[in-house]
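In case you want the letters, here they are:
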Amino acid sequence: MTGQRRLRFVRVQVAWMLGAALLLSLVGALDYGLFFLASLVGLLVLATATEPAATTPRWRRRLRWLAYAGLVVFAVVVLRRLAGSLPRGLL
């Protein structure tokens, strides 16, 4: 049963990512940063929406670390963009 739920989770996440890429390309805003952000939001929403009430399988615990890593990468991207938009003499 756990394998089926894990496979369903992966399928929904891949569908979310494909939908995000399609939508971003339709509006002309396909960018690696926006795609990463949309994928991360999809992962966090999907993980929260499908969280089991009683027990947590091992793959769900590893998923938490993937979400943490995604948040760290997002913070680095935001900080780099912020540092790039500041005047040169400020840093």
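All values reported here derive from a predicted model rather than from experimental measurement.

Engineer: Where do I start with the overall build of the protein in this structure?
Structural biologist: A tally of regular secondary structure across the protein gives 3 helices and 0 strands. N-terminal to C-terminal, the α/β element order of the protein is α-α-α. Relative to its 91 residues, the protein shows a buried fraction of 16%. The long-range fraction of contacts in the protein, counting pairs at least 24 apart against all pairs at least 6 apart in sequence, stands at 60%. Counting only carbon and sulfur atoms, one obtains 68% of the accessible surface of the protein, whose full area is about 7200 Å².

Engineer: How do you make sense of the environment of Val 27 when you look at a structure like this?
Structural biologist: The topology assignment puts Val 27 in the loop between helix 1 (2-26) and helix 2 (32-49). Exposure remark for Val 27: the relative accessible area of 59% places this residue in the exposed category. It is 23 Å that separates the C-alpha atoms of Val 27 and Val 45, two residues lying 18 residues apart in sequence.

Conventions adopted
Residues numbered from 1 in each chain as written. Predicted model: local features only at pLDDT ≥ 70, side-chain atom pairs only at ≥ 80, totals over all residues. Heavy atoms only, no water. Helix = DSSP H or I, 4+ residues; strand = E, 2+ residues; numbered from the N terminus. Buried < 20%, exposed > 50% of the residue type's maximum accessible area, 1.4 Å probe, protein only. Contact = heavy atoms within 4.5 Å. Areas by Shrake-Rupley, 256 points an atom, 1.4 Å probe, with all protein chains shown as cover.

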